[in-house]
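Results of the structural survey
What follows is the residue order along each chain.
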Amino acid sequence: PYINLTTDSVPTADPVNNLELCDDLDDGDGTNGMAISFDLESQTAGILGTQDPANYTVTYYASAIDANTGNNPLASPYTNTTRDLQTIYVRVSNNGCFTDHTTFDLIVHPVPIANFVEDLEVCDDDSDGSARNGFSQMIDLESQTAGILGSQNPTVYSVSYHKSLAQAQAGVNDLASPFSNEFPYRETIYIRVFNNQTMCVNGISNFDVLVNPEPTTAIVSNLSYCDDDADRDDTNGIIQSIDLDSQIEGILGTISGDPSTQQPDDFNVTFHHSQVEATSGANPIVSPYTNTNTTETIFVRVENKATMCVNDDASFEVIVNPLPAFKVASPAIACLNSLPKFLSVESASDVYSYEWRNPNGELISITDTAEVSVINGVVLAGNYTVSASTTDGTMCTRERTIVV
């Protein structure tokens, strides 16, 4: 008699890549290094290689001892029990023969951090023809990137911006920056943070874009003054007490007692010599102001204290009008044997209206000449005054005195 001895070959177990997943919120914590969806059996084909899966069994274990004894095989999908990285031991068996020398790791990568940031506030611009319709074409979404990433390396992590949560999570339809908002005044932007090395994503953060309108400004009248002699010269066109601040309520359109109108306490209103300075806010003019030319354009900057939005469109003129120019001869002598005695203005440079008053303050003429008063046959001597006023609407007046 004889018997046949059959020797079965030991199965082989090819090495396979590690299984890598991103941490998730399925267990309620996206930062604990645990994932509940490791598909261990996805490794089976790679481990068997060319061996017929009908003849070989591949099982997975949490320890080398279990892989050797075949006890406590792991079910798939599997939740790792060691955070971040756990080694899985493989047993390949066939007709009682087995190998238990192959392992691979389960790696759980952390989800990127998408820090919540403050809403992005911008000022309306007039590139669409209106600076108060709640739309801006120059919204710099990428100005939020550094705050969203925090300490995360921007060469490893990228941030994209989306119109919806679904688009952020899917990573589709990135918004370009600068961005033009679709909805006026307020629009929610959704954030996707992507780790370029681990391919992990966080798409749960968002912020609002707020488009604040520019302040409004009303057209105000020019500031007109008559030259004076506060600087000891009433012919040089210089005024030392020009009250620019008196224009503020008119520029803002403030209505006293109406809180729905723009109130001066809510705005910084400054005055400037040029449009460039008004735009930048440089070199504000202090009020009261001393002019340097008889006509000057003053440029206005209105800044909303709450939103920091600026309107620099307003301007007005400061005009210093000349006083009437004329002369009188003083003193004048009235001779009793040659009455009546007439007084007159001399060398008037323009057409003016006049008022003459005698020493008693009585109005005696409204022309460019006046007769010396005679009361009860007696000439009224003393100081006669003549006031000349411009007739061009500026209402500037100069007074001179003739001693009779």
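In short, a report on the structure. (Residues numbered from 1 in each chain as written. Predicted model: local features only at pLDDT ≥ 70, side-chain atom pairs only at ≥ 80, totals over all residues. Heavy atoms only, no water.)

Tallying secondary structure elements over the protein chain gives six helices and 21 strands in all. Expected size for 404 residues packed as a compact globule is a radius of gyration near 22 Å; at 46 Å, the protein chain overshoots this value by more than 25%. In terms of overall dimensions, the protein chain has C-alpha extents of about 185 × 35 × 30 Å along its principal axes. The buried share among the 404 residues of the protein chain stands at 40%. For the protein chain, long-range pairs separated by at least 24 residues make up 60% of all intrachain contacts whose partners lie at least 6 apart in sequence. Looking at the protein chain as shown, the accessible area adds up to about 22,100 Å², and 50% of this sits on carbon and sulfur atoms. (Helix = DSSP H or I, 4+ residues; strand = E, 2+ residues; numbered from the N terminus. Rg over C-alpha atoms; globule rule 2.2 N^0.38 Å. Buried < 20%, exposed > 50% of the residue type's maximum accessible area, 1.4 Å probe, protein only. Contact = heavy atoms within 4.5 Å. Areas by Shrake-Rupley, 256 points an atom, 1.4 Å probe, with all protein chains shown as cover.)

Next up on the list: the nonpolar core. Counting residues in each nonpolar core, the largest one holds 21 residues, and the members touching the most others are Ile242, Leu244, Val269, Phe271, Ile298, Val300 and Phe316. Of all the secondary structure elements, the ones that give two or more residues to this core are β9 (223–226), α5 (248–252), β10 (267–272), β11 (295–304) and β13 (315–321). (Core = buried A, V, L, I, M, F, W, Y, C linked by side-chain atoms within 4.5 Å.)

A word on the sheet that holds strand β6 (residues 157–162). Taking strand neighbours across the sheet as the criterion, the four strands line up as β5-β8-β7-β6 in an open arrangement whose pairing is mixed. Sheet topology places β5 (120–123) and β6 at the edges, where each strand pairs with a single neighbour. For this sheet the average axis-to-axis angle between neighbouring strands, irrespective of direction, equals 30°. Relative to strand β8 (residues 201–212), strand β7 (residues 186–195) runs antiparallel, the two being bridged by eight bridges. (Pairing = 2+ DSSP bridges. Axes fitted to C-alpha atoms, helices over the stretch in contact; angles between N-to-C directions.)

What follows is about the side chain of histidine 109. Topologically, histidine 109 is positioned in strand β4 (residues 97–109). Judged by relative accessible area, histidine 109 falls into the buried class, the value being 16%. There is a polar contact of 2.5 Å between the side chain of histidine 109 and the side chain of glutamate 20. In this structure histidine 109 touches Glu20, Leu21, Cys22, Asp23, Thr198 and Cys200, once residues within four positions along its chain are discounted. (Polar contact = N/O pair within 3.5 Å; in protein donor to acceptor, adjacent residues only side chain to side chain.)

If you trace the four strands from one edge of the open sheet to the other, you get β1-β4-β3-β2, paired in mixed fashion. Each edge of the open sheet carries a strand with a single partner, namely β1 (19–22) and β2 (57–61). Strand-to-strand, the axes of this sheet are offset by a mean angle of 25°, without reference to chain direction. Summarising the sheet, β1 and β4 pair through four bridges and their orientation is parallel. Across the sheet, the residue bridging to glutamate 20 is isoleucine 107, located in β4.

Time to look at the environment of aspartate 27. You can see aspartate 27 is positioned in the loop between β1 and α1 (44–48). Separated by 116 residues in sequence, aspartate 27 and serine 143 place their C-alpha atoms 34 Å apart. Sequence-distant contacts of aspartate 27, defined by excluding residues within four places in its chain, comprise Asn32 and Met34.

Quick look at the layout of surface pockets now. The computed volume of the largest pocket comes to approximately 290 Å³. Along the wall of the largest pocket there are 15 residues; nearest its centre are Leu25, Val111, Val201, Asn202 and Ile204. When its residues are assigned to classes, the lining of the largest pocket shows eight nonpolar, five polar and two charged. (1 Å grid on protein atoms, 1.4 Å probe; cavity = no way out; pocket = protein on both sides within 12 Å on 5 of 7 lines; lining within 4 Å. Points joined across faces, edges and corners; volume = space filled by probe spheres on them. Nonpolar A, V, L, I, M, F, W, Y, C, P; charged D, E, K, R; others polar.)

Bringing the side chain of arginine 91 into the picture now. With respect to the helices and strands, arginine 91 occurs in strand β3 (residues 85–94). Although arginine 91 lies buried, it forms no salt bridge, and the closest oppositely charged side chain, aspartate 100, sits 5.8 Å away as judged by the N-O distance. Here the side chain of arginine 91 touches alanine 67 through a polar contact of 3.0 Å, landing on its backbone oxygen. With near-sequence residues (within four places) excluded, arginine 91 lies in contact with Thr57, Val58, Thr59, Tyr61, Ala67, Asn68, Thr69, Gly70, Phe98 and Thr99. (Lys, Arg positive; Asp, Glu negative; His and termini not counted. Salt bridge = Lys/Arg side-chain N within 4 Å of Asp/Glu carboxyl O.)

Moving on, we get to the packing of aromatic side chains. Using the criterion set out here, one finds five aromatic pairs in the structure. Between phenylalanine 271 and phenylalanine 316, the ring centres sit 6.0 Å apart and the planes meet at 80°, which makes this aromatic pair edge-to-face. Taken together, the residues span a long stretch of sequence, with phenylalanine 271 in strand β10 and phenylalanine 316 in strand β13 at a distance of 45 residues. Phenylalanine 316 shares its class with phenylalanine 271; the two are buried. Relative to tyrosine 354, the ring of tyrosine 352 lies with its centre 6.4 Å away and its plane at 85°, an arrangement referred to as edge-to-face. In this pair, the class of tyrosine 352 matches that of tyrosine 354, namely buried. Pairwise contacts between aromatic rings join Phe326, Tyr352 and Tyr354 into one cluster. We note arginine 91 situated over the ring of phenylalanine 98; from NZ or CZ to the ring centre the distance is 3.8 Å. Over the ring of phenylalanine 326 we find arginine 400, and its NZ or CZ is 5.4 Å from the ring centre. (Phe/Tyr/Trp six-rings, centres within 6.5 Å; stacked < 30°, edge-to-face > 60°. Lys NZ or Arg CZ within 6 Å of the ring centre and 35° of its normal.)

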